[in-house]
Amino acid sequence: MKRQGEKVIPDFIEDDFISAFETGLNRTFYYQDKYIEISRISQSEEYELGYDGVLTTIVPFYIQFKRSDFYTPNFSGKLLTDRAHISLPVDKGFFAFDLLKKKDNFGQHNAMFRLSQVAKAVYVAPLFFKKADLTKMKNYAYEYIPVYYNDIDIFDSHLRRHHNFRNVLLFKNAITIPPHAEVTDDETSHHYSYCRQSKVGFHSEALNLDDSKSETVYYFIQNIFKQEKRYNEINSQVESIFNLLPGFFELEIHSKEFDNILEASINRVSIIDNDTNIKLLKDKLGLLDKLLVIEDILFHYFGIKQFIKFEH
């Protein structure tokens, strides 16, 4: 753990946080007598089997993981004065992370915002800054496979007792922050700040995001579990997400440049003949094929992870 005055830099890297989180998320849940799996399409047996009626619903959602610095109450910089000015608490310290700027723009954030208009898309950031806390989260996560989740109870098969779902450290100690708007000012840095009470602010020009619907991962996952979609709704949503992809590159969906991106993605996730007509193939992509391409393009170009809730 490093300190720069009253700014504390976590002594773990972002990949460690992602690993801990995915350990707890990629497993089987039993929710109100339903069998639910959360995974990525590329890791799921359902992609190999196809959508054959065994699955009753699919809900895609999108996460951009962030590691945050912690600012103590004695910090006197602009982030603190901005939070105080817009009536956000600073007396117990706060966390903040900056938006990724790549190739002179904030494409990752703007992709997240556009995704959030058609699906669940959030930043996930820790409510801690010590490596010991992360280790505790990892150890706790490994104990609960599978997770028996009925309303808010988890049955621990190792200790033979029930736990309250909201007290699982993995989900209690991480916050979700939905992207609130696109960023058009590429000349300055931008941050989200937040505290353990889920009071969120946006900075460059300070903005109190009282209506941001930020919550712990516990409530976020609970809401994902509650979503049920008919097959036609799933198709419509996936089509909407797929059609967003060229806009992330400021391209048209039928442009040669996007065809090249699509062809490269298909080559990364499957094997096709060199003489395959990409335009004809694009029209033949099925539901899970499109989700696989979406997963690949979002992560390859933007570092955004797509997860899918499967309900059997």
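Just above sits the structure.
What counts and what doesn't
Residues numbered from 1 in each chain as written. Predicted model: local features only at pLDDT ≥ 70, side-chain atom pairs only at ≥ 80, totals over all residues. Heavy atoms only, no water. Buried < 20%, exposed > 50% of the residue type's maximum accessible area, 1.4 Å probe, protein only. Helix = DSSP H or I, 4+ residues; strand = E, 2+ residues; numbered from the N terminus. Pairing = 2+ DSSP bridges. Contact = heavy atoms within 4.5 Å. Salt bridge = Lys/Arg side-chain N within 4 Å of Asp/Glu carboxyl O. Phe/Tyr/Trp six-rings, centres within 6.5 Å; stacked < 30°, edge-to-face > 60°. Axes fitted to C-alpha atoms, helices over the stretch in contact; angles between N-to-C directions. Parallel < 35°, antiparallel > 145°, perpendicular 65-115°, else oblique. Nonpolar A, V, L, I, M, F, W, Y, C, P; charged D, E, K, R; others polar.

K.L.:
How should I be thinking about the pairing of strand 8 (residues 120-126) in this particular structure?
P.N.:
Across the seven residues that make up strand 8, a large majority, six, are buried. Two elements, strand 5 (residues 57-65) and strand 8, share five bridges in a ladder whose sense is parallel. By the bridge assignment for strand 8, F65 is matched with V124. When strand 8 meets strand 12 (residues 174-177), the two strands line up antiparallel, connected through four bridges. Residue V124 lies in a different strand from strand 12, and its bridge partner there is T176.

K.L.:
I would appreciate a short explanation of the side chain of N110 in the present structure.
P.N.:
Mapped onto the fold, N110 is located in helix 4 (residues 107-116). The class for N110 is buried, based on a relative accessible area of 12%. Those residues in contact with N110 that sit more than four places away from it in its chain are E182 and V183.

K.L.:
What is the right way to look at the pattern of salt bridges in this model?
P.N.:
A side chain with one charge may pair with a side chain of the opposite charge, provided their charged atoms come close. Going through the model one piece at a time under the given rule, you end up with seven salt bridges. With its nearest N and O atoms 3.3 Å apart, the salt bridge here joins R114 to E182. With R114 in helix 4 and E182 in the loop between strand 12 and strand 13 (191-194), this residue pair connects regions lying 68 residues apart in the sequence. Classification of E182 by relative accessible area gives partly exposed; the value is 36%.

K.L.:
Would you take a moment to explain the packing of aromatic side chains for this structure?
P.N.:
Describing an aromatic ring pair means giving the distance of the ring centres and the angle of the ring planes. Under the counting rule described, the total for this entry stands at 23 aromatic pairs. Note on F61 and F307: the rings are 5.8 Å apart at their centroids and 25° apart in plane angle, and the pair reads as stacked. With a gap of 246 residues between them, F61 in strand 5 and F307 in strand 17 (residues 305-311) connect regions that are remote in the sequence. Grouping residues by exposure puts F61 and F307 together as buried. Of the aromatic side chains, those joined through ring pairs into one cluster are F70, F95, F97, Y123, F129, Y192, Y194 and F202.

K.L.:
Even after reading the chapter, I still don't get the packing of helix 9 (residues 256-269) against helix 11 (residues 287-302), so can you show me in this structure?
P.N.:
At a minimum axis distance of 9 Å, the contact between helix 9 and helix 11 shows a crossing angle of 105°. One finds that helix 9 runs roughly perpendicular with respect to helix 11. Of the residues in helix 11, those touching helix 9 at I261, L262, S265, I266, R268 and V269 are L292, V293, D296, I297, H300 and Y301. Considered class by class, the residues forming the contact of helix 9 with helix 11 number eight nonpolar, two polar and two charged.

K.L.:
What should I look at first to understand the environment of E14 in this one?
P.N.:
Here E14 shows up in helix 1 (residues 14-25). C-alpha separation for the pair E14 and P126, spaced 112 residues apart in sequence, amounts to 9.9 Å. Here E14 is in contact with F65, K66 and R67, once residues within four sequence places are set aside.

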